[in-house]
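Structure assessment
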Amino acid sequence: EAGVAQSPRYKIIEKRQSVAFWCNPISGHATLYWYQQILGQGPKLLIQFQNNGVVDDSQLPKDRFSAERLKGVDSTLKIQPAKLEDSAVYLCASSLVSGANVLTFGAGSRLTVL
Amino acid sequence: QKEVEQDPGPLSVPEGAIVSLNCTYSNSAFQYFMWYRQYSRKGPELLMYTYSSGNKEDGRFTAQVDKSSKYISLFIRDSQPSDSATYLCALVTDSWGKLQFGAGTQVVVTP
(Lines give C-alpha, C1' and ligand atoms only; values in the text may rest on other atoms or scores of the structure.)
Protein backbone atom coordinates (compact mmCIF):
# COMPACT_ATOMS: atom_id res chain seq x y z
CA GLU A 1 0.00 0.00 0.00
CA ALA A 2 1.44 3.35 -1.01
CA GLY A 3 1.78 5.86 1.79
CA VAL A 4 0.72 9.48 2.09
CA ALA A 5 2.62 11.58 -0.44
CA GLN A 6 3.56 15.19 0.25
CA SER A 7 5.41 17.82 -1.71
CA PRO A 8 7.56 19.77 -1.63
CA ARG A 9 9.66 18.26 1.17
CA TYR A 10 11.44 21.53 1.84
CA LYS A 11 10.61 25.14 1.10
CA ILE A 12 12.37 28.37 2.05
CA ILE A 13 10.56 31.66 1.50
CA GLU A 14 10.72 35.21 2.79
CA LYS A 15 8.03 36.64 5.01
CA ARG A 16 4.98 37.96 3.22
CA GLN A 17 5.50 35.52 0.34
CA SER A 18 3.06 32.72 -0.38
CA VAL A 19 3.54 28.96 -0.39
CA ALA A 20 1.45 25.91 -1.20
CA PHE A 21 1.77 22.32 -0.04
CA TRP A 22 0.22 19.33 -1.73
CA CYS A 23 -0.94 16.02 -0.26
CA ASN A 24 -2.09 12.80 -1.84
CA PRO A 25 -3.63 10.49 0.78
CA ILE A 26 -3.82 6.72 0.80
CA SER A 27 -6.31 5.52 -1.79
CA GLY A 28 -9.76 5.06 -0.28
CA HIS A 29 -9.09 7.07 2.86
CA ALA A 30 -12.07 9.34 3.44
CA THR A 31 -10.54 11.51 6.13
CA LEU A 32 -7.62 13.85 5.53
CA TYR A 33 -5.82 16.02 8.08
CA TRP A 34 -3.29 18.82 7.98
CA TYR A 35 -1.15 19.25 11.08
CA GLN A 36 1.42 21.89 11.93
CA GLN A 37 4.45 20.77 13.93
CA ILE A 38 6.69 23.51 15.27
CA LEU A 39 10.16 22.44 16.37
CA GLY A 40 10.04 20.86 19.82
CA GLN A 41 6.26 20.60 19.88
CA GLY A 42 3.69 17.97 19.08
CA PRO A 43 1.61 18.23 15.92
CA LYS A 44 -1.35 20.60 16.08
CA LEU A 45 -4.41 20.01 13.94
CA LEU A 46 -5.07 22.77 11.41
CA ILE A 47 -7.91 21.28 9.41
CA GLN A 48 -9.74 17.98 9.01
CA PHE A 49 -11.68 16.93 5.90
CA GLN A 50 -14.22 14.16 5.65
CA ASN A 51 -14.41 13.47 1.91
CA ASN A 52 -14.92 16.97 0.44
CA GLY A 53 -16.30 18.61 3.55
CA VAL A 54 -14.50 20.38 6.39
CA VAL A 55 -15.07 18.72 9.78
CA ASP A 56 -12.84 20.94 11.90
CA ASP A 57 -10.89 24.07 11.02
CA SER A 58 -11.11 25.75 14.40
CA GLN A 59 -7.33 26.17 14.70
CA LEU A 60 -6.68 27.26 11.13
CA PRO A 61 -5.55 30.94 10.95
CA LYS A 62 -8.06 31.75 8.29
CA ASP A 63 -6.69 35.22 7.57
CA ARG A 64 -3.61 33.63 6.01
CA PHE A 65 -4.15 29.89 5.70
CA SER A 66 -6.50 28.13 3.33
CA ALA A 67 -7.00 24.52 2.38
CA GLU A 68 -9.08 22.59 -0.07
CA ARG A 69 -9.66 18.98 -0.95
CA LEU A 70 -10.56 18.49 -4.55
CA LYS A 71 -12.96 15.65 -5.40
CA GLY A 72 -12.35 14.12 -1.98
CA VAL A 73 -8.83 12.99 -2.85
CA ASP A 74 -5.82 15.35 -3.08
CA SER A 75 -5.51 18.38 -0.86
CA THR A 76 -3.63 21.66 -0.96
CA LEU A 77 -2.69 23.86 1.98
CA LYS A 78 -1.80 27.46 1.19
CA ILE A 79 -0.24 30.19 3.30
CA GLN A 80 -0.45 33.78 2.14
CA PRO A 81 1.21 35.94 3.36
CA ALA A 82 3.67 33.89 5.40
CA LYS A 83 4.96 35.04 8.77
CA LEU A 84 8.14 34.06 10.59
CA GLU A 85 6.12 32.03 13.09
CA ASP A 86 4.80 29.83 10.27
CA SER A 87 8.17 28.09 10.10
CA ALA A 88 7.25 24.49 10.87
CA VAL A 89 6.72 21.06 9.38
CA TYR A 90 3.33 20.66 7.76
CA LEU A 91 2.15 17.09 8.08
CA CYS A 92 -0.63 15.55 6.07
CA ALA A 93 -2.35 12.43 7.37
CA SER A 94 -5.22 10.28 6.24
CA SER A 95 -7.42 7.62 7.76
CA LEU A 96 -10.05 5.19 6.58
CA VAL A 97 -12.69 6.36 9.00
CA SER A 98 -13.02 8.90 11.78
CA GLY A 99 -13.31 8.08 15.46
CA ALA A 100 -10.81 5.68 17.00
CA ASN A 101 -8.96 5.68 13.75
CA VAL A 102 -5.40 4.99 12.77
CA LEU A 103 -3.78 7.96 11.10
CA THR A 104 -1.10 7.43 8.51
CA PHE A 105 1.18 10.43 8.22
CA GLY A 106 3.24 11.63 5.32
CA ALA A 107 6.88 12.63 5.78
CA GLY A 108 5.91 16.30 5.98
CA SER A 109 6.81 19.53 4.24
CA ARG A 110 9.37 21.62 6.10
CA LEU A 111 8.82 25.37 5.74
CA THR A 112 11.38 27.98 6.68
CA VAL A 113 10.26 31.60 6.60
CA LEU A 114 13.11 34.15 6.61
CA GLN B 1 -2.60 24.46 31.59
CA LYS B 2 -2.06 22.30 28.50
CA GLU B 3 -4.54 19.50 27.94
CA VAL B 4 -1.71 16.99 27.50
CA GLU B 5 1.62 17.31 29.30
CA GLN B 6 4.69 15.35 28.28
CA ASP B 7 8.29 15.77 29.36
CA PRO B 8 10.33 16.67 26.25
CA GLY B 9 13.51 14.98 27.45
CA PRO B 10 15.92 14.09 25.99
CA LEU B 11 16.00 10.75 27.73
CA SER B 12 19.25 8.89 27.24
CA VAL B 13 19.52 5.19 28.15
CA PRO B 14 22.03 2.40 27.46
CA GLU B 15 21.08 -0.39 25.09
CA GLY B 16 19.05 -3.09 26.81
CA ALA B 17 17.57 -0.77 29.44
CA ILE B 18 13.86 -0.22 30.03
CA VAL B 19 12.57 3.08 28.71
CA SER B 20 9.70 4.64 30.65
CA LEU B 21 7.66 7.43 29.09
CA ASN B 22 4.55 9.13 30.38
CA CYS B 23 1.93 11.77 29.79
CA THR B 24 -0.64 13.41 32.00
CA TYR B 25 -3.88 14.90 30.80
CA SER B 26 -6.57 17.13 32.22
CA ASN B 27 -9.69 16.34 30.18
CA SER B 28 -11.52 13.28 31.45
CA ALA B 29 -13.45 13.14 28.16
CA PHE B 30 -10.48 11.61 26.34
CA GLN B 31 -11.56 8.20 25.13
CA TYR B 32 -8.64 6.73 23.22
CA PHE B 33 -4.99 6.82 24.09
CA MET B 34 -2.28 6.40 21.50
CA TRP B 35 1.48 6.38 21.25
CA TYR B 36 3.22 7.50 18.08
CA ARG B 37 6.91 7.19 17.23
CA GLN B 38 8.58 9.83 15.10
CA TYR B 39 12.02 9.40 13.60
CA SER B 40 13.97 12.48 12.58
CA ARG B 41 12.60 14.08 9.41
CA LYS B 42 9.77 11.56 9.20
CA GLY B 43 6.08 11.68 9.99
CA PRO B 44 4.73 10.06 13.18
CA GLU B 45 3.76 6.39 12.99
CA LEU B 46 1.31 4.67 15.31
CA LEU B 47 2.83 2.28 17.83
CA MET B 48 -0.11 1.33 20.00
CA TYR B 49 -3.52 2.48 21.08
CA THR B 50 -5.95 1.57 23.82
CA TYR B 51 -9.25 2.82 25.15
CA SER B 52 -9.44 1.38 28.63
CA SER B 53 -7.51 1.51 31.85
CA GLY B 54 -4.93 -1.23 32.27
CA ASN B 55 -2.03 -2.61 30.29
CA LYS B 56 -1.65 -3.56 26.66
CA GLU B 57 1.42 -5.36 25.35
CA ASP B 58 2.85 -5.59 21.86
CA GLY B 59 6.24 -7.22 21.69
CA ARG B 60 8.72 -5.09 23.60
CA PHE B 61 6.18 -2.30 24.08
CA THR B 62 3.66 -1.95 26.91
CA ALA B 63 1.10 0.83 27.09
CA GLN B 64 -0.52 1.59 30.42
CA VAL B 65 -3.52 3.80 31.11
CA ASP B 66 -4.76 4.98 34.50
CA LYS B 67 -7.92 6.99 33.88
CA SER B 68 -8.46 7.73 37.56
CA SER B 69 -5.11 9.53 37.72
CA LYS B 70 -5.28 10.80 34.11
CA TYR B 71 -1.90 9.26 33.47
CA ILE B 72 -0.63 7.17 30.57
CA SER B 73 2.69 5.41 30.15
CA LEU B 74 4.72 3.59 27.54
CA PHE B 75 7.43 1.12 28.45
CA ILE B 76 10.04 -0.19 26.04
CA ARG B 77 11.84 -3.32 27.18
CA ASP B 78 15.29 -4.36 25.96
CA SER B 79 15.75 -1.02 24.22
CA GLN B 80 17.72 -0.93 20.98
CA PRO B 81 19.54 1.93 19.21
CA SER B 82 16.82 1.71 16.56
CA ASP B 83 14.34 2.83 19.23
CA SER B 84 16.02 6.25 19.25
CA ALA B 85 13.21 8.58 18.22
CA THR B 86 10.68 11.02 19.60
CA TYR B 87 7.67 9.39 21.24
CA LEU B 88 4.39 11.28 21.17
CA CYS B 89 1.33 10.52 23.21
CA ALA B 90 -1.94 11.37 21.51
CA LEU B 91 -5.41 11.42 22.99
CA VAL B 92 -8.74 11.33 21.20
CA THR B 93 -11.76 13.08 22.60
CA ASP B 94 -14.42 13.44 19.97
CA SER B 95 -16.25 11.23 17.53
CA TRP B 96 -14.33 12.72 14.61
CA GLY B 97 -11.10 11.37 16.02
CA LYS B 98 -9.36 14.68 16.64
CA LEU B 99 -5.96 13.96 18.17
CA GLN B 100 -4.48 16.07 20.95
CA PHE B 101 -0.73 15.44 20.97
CA GLY B 102 1.78 15.84 23.74
CA ALA B 103 5.02 17.68 22.99
CA GLY B 104 6.91 14.42 22.51
CA THR B 105 9.82 12.90 24.44
CA GLN B 106 13.12 12.43 22.62
CA VAL B 107 14.71 9.08 23.43
CA VAL B 108 18.33 8.24 22.71
CA VAL B 109 19.48 4.63 23.14
CA THR B 110 23.25 4.38 23.19
CA PRO B 111 25.06 1.16 22.13
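One structure accompanies this document, and this report is about it.

**Focus on the side chain of Gln38(B)**
By secondary structure assignment, the location of Gln38(B) is in strand 4 (residues 32-38). When its relative accessible area of 10% is taken as the criterion, Gln38(B) is described as buried. A polar contact is formed between the side chain of Gln38(B) and the side chain of Gln37(A), at a distance of 2.9 Å.

**A short note on the interface of chain A and chain B**
Listed by partner, the interface residues are 27 residues for chain A and 20 residues for chain B. Here chain A meets chain B over a buried area of about 1700 Å², counting both sides, of which 57% is carbon and sulfur. Viewed at the interface, chain B and chain A are joined by one salt bridge. The partner of Lys98(B) in a salt bridge is Asp56(A), with the nearest N and O atoms 3.6 Å apart.

**Digging into the pattern of salt bridges**
Following the criterion strictly, the structure yields six salt bridges over all chains and no others. Among the ionic pairs, Asp57(A) bridges to Lys62(A), the shortest N-O distance being 3.7 Å. For the salt bridge of Arg60(B) with Asp83(B), the shortest nitrogen-to-oxygen distance reads 2.9 Å. With Arg60(B) in the loop between strand 6 (54-58) and strand 7 (61-66) and Asp83(B) in the loop between strand 8 (71-76) and strand 9 (85-92), the pair connects residues that are 23 residues apart, well separated along the chain.

**Considerations on the pairing of strand 6 of chain B**
Residues and elements named next belong to chain B. In terms of strand pairing, strand 6 meets strand 7 through five bridges, oriented antiparallel. The partner of Lys56 across the bridge, within strand 7, is Ala63. The antiparallel pairing of strand 6 with strand 7 creates a hairpin that spans two residues between the two strands, and Gly59 there sits at a positive phi of about 65°.

**A few points about unusual backbone geometry**
In this model, Ser7(A) is joined to Pro8(A) through a cis peptide bond whose omega is -10°. Considering the arrangement of structural elements, one finds Pro8(A) in the loop between strand 1 (5-7) and strand 2 (10-13). Note the cis peptide between Gln80(A) and Pro81(A), where omega equals -5°. Checked against the element boundaries, Pro81(A) lands in the loop between strand 8 (75-79) and strand 9 (88-95). Unlike most non-glycine residues, Lys70(B) shows phi in positive territory, near 55°. The topology assignment puts Lys70(B) in the loop between strand 7 and strand 8. Unlike most non-glycine residues, Asp78(B) shows phi in positive territory, near 45°. Relative to the assigned elements, Asp78(B) resides in the loop between strand 8 and strand 9. For Asp78(B), a relative accessible area of 42% corresponds to the partly exposed category.

**Re the environment of Asp78(B)**
Taking the C-alpha atoms as reference, Asp78(B) lies 7.1 Å from Glu15(B); in sequence the two are 63 residues apart. Once you skip the residues sitting within four places of it in the chain, Asp78(B) turns out to touch Gly16(B), Ala17(B), Arg60(B) and Asp83(B).

**Some details on the nonpolar core**
In this structure, Trp35(B), Ile72(B), Leu74(B), Tyr87(B) and Leu91(B) are the most contacted members of the largest nonpolar core, which totals 23 residues. Listed by contribution, the elements that provide at least two residues to this core are strand 3 (19-25), strand 4, strand 5 (45-50), strand 7, strand 8, strand 9 and strand 11 (105-110) of chain B. Leaving out residues up to four positions away in the same chain, Leu91(B) has contacts with Val4(B), Tyr25(B), Phe30(B), Tyr32(B), Phe33(B), Ile72(B), Lys98(B), Leu99(B) and Gln100(B). By size, the runner-up hydrophobic cluster in this structure holds 21 residues, among which are Phe49(A), Leu60(A), Ala82(A) and Tyr90(A).

Conventions and cut-offs
- Residues numbered from 1 in each chain as written.
- Chains lettered and ligands numbered in written order.
- Predicted model: local features only at pLDDT ≥ 70, side-chain atom pairs only at ≥ 80, totals over all residues.
- Heavy atoms only, no water.
- Helix = DSSP H or I, 4+ residues; strand = E, 2+ residues; numbered from the N terminus.
- Buried < 20%, exposed > 50% of the residue type's maximum accessible area, 1.4 Å probe, protein only.
- Polar contact = N/O pair within 3.5 Å; in protein donor to acceptor, adjacent residues only side chain to side chain.
- Contact = heavy atoms within 4.5 Å.
- Buried area = accessible area lost by both parts, 1.4 Å probe.
- Salt bridge = Lys/Arg side-chain N within 4 Å of Asp/Glu carboxyl O.
- Pairing = 2+ DSSP bridges.
- Core = buried A, V, L, I, M, F, W, Y, C linked by side-chain atoms within 4.5 Å.

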